[in-house]
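Structural characterization, general
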Amino acid sequence: MAENKRIDHPTGTETVGHEWDGIEELNTPLPRWWLWTFYATVAFAIGYCVVYPTIPSANGAPGGNLKWSSREELEKTLAARQAELKPIHAALAATDISALPGKPELMQQAIAGGAAAFKVHCVQCHGSGAAGAKGYPNLNDDDWLWGGDLATLEKTIADGIRQPEHDATRFSQMPAFGRDGILQPAQVEDVTSYVRTLSGQEGMSASARRGQALFAANCVVCHGPDGKGSRTVGAPNLTDGIWLYGGDRDTIRQTITNSRYGVMPAWNLHLDTVTIRMLAAYVHSLGGGEAAPAPAPAPAGATAAATPAETANGGG
Amino acid sequence: MAEADPDITDSPLGQYQKRKSVFPKAVDGTFRRLKWAIMVVTLTIYYVTPWLRWDRGPYAPDQAVLVDLAHRRFFMFDIEIWPHEFYFVAGLLVMAGIGLFLVTSAVGRAWCGYACPQTVWTDLFQHIERAVDGDRNAAIRLQNAPWGVSKIARRLLKWSIWLAVAMGTGGAWIFYFADAPTLMHDFLHGTAAPVAYMTVFVLTMTTFIFGGFMREQVCIYMCPWPRIQTAMMDEKSLLVTYRHWRGEPRGSLKQAQAAAKTGAGTIGDCIDCNQCVAVCPTGIDIRQGPQIGCITCALCIDACDTVMAQVGRPRGLIDYVTFEDATREQAGQPTTPVLKTLFRPRTLAYFAIWGGIGLALLFALGNRTRLDISAQHDRNPLFVRMSDGSVRNAYTVKLRNMESRPRTVRVHMEGVPQASMWLGETGSREAASRAFEVKLSPDAVTKLRLFVVSPAGDGSRQEFALVVQANDDAAPSDRHDLVLERGGE
Ligand code: SF4
Ligand code: SF4
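Residues numbered from 1 in each chain as written. Chains lettered and ligands numbered in written order. Predicted model: local features only at pLDDT ≥ 70, side-chain atom pairs only at ≥ 80, totals over all residues. Heavy atoms only, no water.

Thoughts on the domain arrangement of chain B
Residues and elements named next belong to chain B. Applicable threshold: Bear in mind that the domain bounds are from an automatic or database domain assignment. Here the quantity called buried area is the total loss of accessible area, with a 1.4 Å probe, experienced by two parts when brought into contact, counted for both. Criterion for a salt bridge: a side-chain nitrogen of Lys or Arg within 4 Å of a carboxyl oxygen of Asp or Glu. Side-chain atoms alone can form a polar contact between residues adjacent in sequence; in general such a contact is a pair of N or O atoms within 3.5 Å, and within protein one must be able to donate a hydrogen while the other accepts it. To qualify as a helix, a DSSP run of H or I must reach at least 4 residues; to qualify as a strand, a run of E must reach at least 2; elements of each kind are numbered from the N terminus. Under the grouping applied here, Gly and all other residues not named as nonpolar or charged are polar, the nonpolar ones being Ala, Val, Leu, Ile, Met, Phe, Trp, Tyr, Cys and Pro and the charged ones Asp, Glu, Lys and Arg.
Segmenting chain B into domains produces domain 1 (30-232), domain 2 (238-336) and domain 3 (371-484). In this structure, domain 1 and domain 2 have C-alpha centres spaced 34 Å apart. When residues of domain 1 are sorted by the area they lose upon contact with domain 2, Phe31, Arg109 and Arg136 head the list and together hold 33% of the total. Linking domain 1 to domain 2 there are zero salt bridges. Here domain 1 and domain 2 share nine residue pairs in polar contact (both at pLDDT 80 or more) between them. Among the elements of the structure, α2 (30-48), α3 (87-107), α4 (110-115), α5 (117-133), α10 (216-222) and α11 (225-232) are those that each provide at least two residues to the side of domain 1 that touches domain 2. Each residue belonging to the side of domain 1 that touches domain 2 can be placed in one class, and the counts come to nine nonpolar, six polar and six charged.

Let's talk about the sheet that holds strand β2 (residues 13-20) of chain A
The strands making up a sheet associate through backbone hydrogen bonding, with each pair oriented either parallel or antiparallel. Applied cut-off: When DSSP locates at least two bridges between a pair of strands, those strands are taken to pair.
The three strands lie next to each other as β1-β2-β3 (chain A), forming an open sheet whose pairing is antiparallel. At either margin of the open sheet sits one strand with a lone partner, and together these are β1 (7-8) and β3 (23-26) of chain A.

Quick look at the pattern of salt bridges
One pass over the full model with this rule turns up 49 salt bridges over all chains. Across the salt bridge formed by aspartate 269 of chain B and arginine 246 of chain B, the nearest N and O atoms sit 2.6 Å from each other. Linking aspartate 269 of chain B in the loop between α13 (253-262) and α14 (275-279) with arginine 246 of chain B in helix α12 (residues 244-247), this pair joins segments that are 23 residues apart in sequence. It is possible to trace a salt-bridge network through shared partners that takes in Glu189, Arg196, Glu202, Arg249, Asp250 and Arg253 of chain A.

Notes on the site of ligand 1
Put simply, the rule is: Residues are counted as near a molecule or strand when any one of their heavy atoms sits within 4 Å of it.
Neighbouring residues of ligand 1: Arg109, Trp111, Cys112, Cys116, Gln118, Thr119, Cys219, Cys223, Trp225 and Pro226 of chain B. Elements represented by at least two residues in the shell around ligand 1 include exactly α4, α5 and α11 of chain B.

Quick notes on the pairing of strand β14 (residues 462-470) of chain B
Residue and element names in this part refer to chain B. Relative to β14, strand β10 (residues 407-414) runs antiparallel, the two being bridged by six bridges. Directly across from histidine 412, in β14, lies its bridge partner valine 467. Direction of pairing for β14 relative to strand β15 (residues 478-484): antiparallel, over a ladder of seven bridges. From the neighbouring strand, glutamine 462 faces β15, where its bridge partner is leucine 484.

Quick look at the site of ligand 2
Close contacts around ligand 2 come from Val240, Cys280, Pro281, Thr282, Ile284, Ile286, Cys294, Ile295, Thr296, Cys297, Ala298 and Cys300 of chain B, and that covers them all. For the shell around ligand 2, the per-class residue count stands at ten nonpolar, two polar and no charged.

Considerations on unusual backbone geometry
All names here are of chain B. Of the consecutive residues glutamate 248 and proline 249, the connecting peptide bond is found in the cis state with omega at -10°. Residue proline 381 is bonded to the preceding asparagine 380 through a cis peptide linkage, with omega at 0°. With a phi angle near 40°, arginine 215 is a residue other than glycine that sits in the positive phi range. Topologically, arginine 215 is positioned in the loop between α9 (194-214) and α10. The phi torsion at asparagine 274 lies on the positive side, around 65°, for a residue other than glycine.

So this is what it looks like as structure tokens:
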């Protein structure tokens with residue numbers, strides 16, 4: 001092989017002596033400084049191995065001389081972020097929630113913080129877009145069982161729904177009219193017919209007329225004589241287009257027969273005031289938030305009348 | 001040519017090669033003066049540009065050329081580029097690439113010879129070297145001299161000047177990225193950002209090492225341009241060429257006289273004075289033919305022309321000649337006029353593409369709006385049914401005010417006549433209407449949450465548009481088409 005080495009004439013360079021189908025390779029010398037840069041990279045690699053965790057063992061890589069770890073890096077970043085947020089949280093703790101709209105910047109920060117907290121604590125039931133599901137209220141709309149102004153939202157989130165061990169909790173209870181025998185199945189059927197006329201889903205019928213009398217005797221205490229509900233007791237408005245469990249005959253019949261018992265944790269047992277305040281601000285910002293103080297429970301009629309551009313069709 | 005130089009083929013080559021220091025001799029001539037001029041112009045542009053001021057009013061920086069990474073803006077005199085307009089920068093880079101094709105196919109490695117920072121700074125460092133160490137011969141003598149007081153003193157002086165130039169070079173760079181006077185003040189007081197010091201340090205060291213010690217090694221071993229440029233040249237590209245058919249066989253004036261007397265063959269024009277080798281900044285011998293080490297700085301042309309003038313022979317023994325002309329000249333055929341070589345289909349095509357992109361960029365620049373609207377429909381939930389049965393859609397609207405002054409703009413809806421809208425932050429459904437007005441901060445994006453409500457429909461979607469018009473503008477400047485969900489069962 002070495003015998004094949006020859007000096008290539010045009011370049012004056014020695015060949016390496018190999019030949020493949022007439023193709024030869026020049027043995028051009030490497031510049032010496034190139035070699036030194038190679039040694040420098042080797043030195044760098046050794047240095048790197050010394051200061052950073054590099055050599056794997058059964059329990060992860062022991063952390064080099066610098067004791068660096070990505071977990072610690074993350075913790076540091078998070079701590080730095082927490083420190084940045086501190087003044088905002090302090091300001092929020094010191095501001096009553098009803099005063100927030102007067103401080104638009106703080107409000108924006110509260111909404112952003114609330115959006116983050118919502119993703120952790122609330123999406124399991126209300127969904128990541130806060131659109132709810134059957135039995136879990138949609139927080140984007142303008143229908144509120146207990147009220148949609150900031151202070152009310154904050155209280156609802158803090159004290160939760162139907163938490164018997166928590167005294168301040170929101171608690172509304174509808175009798176299981178059918179199951180407990182307060183109403184006979186035929187009567188339940190009649191009340192169902194009447195309830196459906198309230199939202200304009202059905203016209204008046206003989207059954208509905210019978211149901212009207214039963215409604216007056218059994219339901220108006222909470223739902224009011226016109227069926228518009230009451231936020232004081234958390235009774236839903238039966239005249240609008242929004243149904244927590246559904247507005248079809250079957251579902252309404254079931255609701256009247258067995259009642260419903262939706263729950264939400266009392267979040268002040270789990271979260272700090274600032275987080276709850278931010279959550280309230282976020283929920284309020286979703287589009288259905290109301291101004292304080294909560295207006296009389298007649299939202300559908302009021303908003304429809306004030307919005308000339310739309311042709312409200314009452315029920316849905 | 002290679003055949004004429006037997007000792008190269010004899011020299012044994014090892015595995016590694018030590019760099020041979022090159023001490024180019026000072027030279028004067030047409031190309032040297034051109035190089036001086038280009039050096040003065042390019043270095044002036046580089047050092048002075050960040051200090052130019054440009055009045056943009058109270059809301060924008062007053063630095064003529066500024067790459068504001070923190071705020072993601074690029075200012076260049078009257079032009080302000082936003083991140084979404086980065087295609088202008090991309091266009092300029094494409095133009096630079098095609099410009100390199102154009103120049104290389106026409107005049108070979110002219111970029112390397114005259115304009116490349118590596119060449120310009122190496123040239124500058126070599127001038128400094130000659131000022132301190134003396135011209136070629138003195139410099140070589142000093143190099144070979146044993147280390148003594150005088151040698152150490154000279155080396156320290158030379159390196160200090162180099163280092164000062166290198167620091168100036170590295171220092172100038174950072175001023176392109178922040179307000180120059182402020183940064184200069186902070187830098188000197190030690191309060192500038194660490195990244196500024198890091199950048200200056202790195203660029204100082206690279207300038208010092210590349211310009212002072214690596215020089216032609218960068219061109220030969222580190223830079224990709226020479227290989228790319230070699231691929232872009234053809235037989236009609238200008239090359240620094242030694243007319244060996246005119247110069248060989250070389251011989252001194254005495255040999256030439258002797259040969260003429262005895263009639264023992266003729267001696268060529270090259271008097272073998274080695275001046276072309278002495279002045280070459282990369283230390284090569286162009287008489288061996290075109291080679292990768294030649295950056296076509298043309299200093300050997302100047303050197304050879306000077307010699308030819310002294311011995312009374314015509315200039316151009318070394319000259320810019322195309323490969324095609326070289327062949328023709330040897331065969332005694334007429335050569336192509338220089339203009340015809342420069343303006344040939346290939347260069348004209350490159351020029352057309354280059355100019356076309358340039359014109360397109362200018363056109364785009366003239367037609368771009370400085371007030372944009374874009375909106376994104378909420379996906380989750382897609383729409384919300386309201387208690388009165390109507391349907392609400394929500395959008396995130398971005399208004400881009402790209403002028404450096406605050407503006408009040410009006411946004412209105414086109415289409416879906418039954419719908420009305422309000423802003424999440426400031427409006428309410430009670431005050432919903434078909435248009436809203438907002439004050440936009442100067443040179444900023446304003447993000448708004450927009451609610452649009454309309455009576456429930458049959459589930460079909462409807463299209464509409466948001467149109468933005470500044471109150472001080474005569475016509476709308478931008479629109480964004482959107483979809484409104486009508487919420488069927
Ligand atoms: S080879 Fe590279 S570094 Fe050298 S002059 Fe040409 S472009 Fe510049
Ligand atoms: S051979 Fe001539 S043109 Fe090429 S680098 Fe040397 S001096 Fe410059």
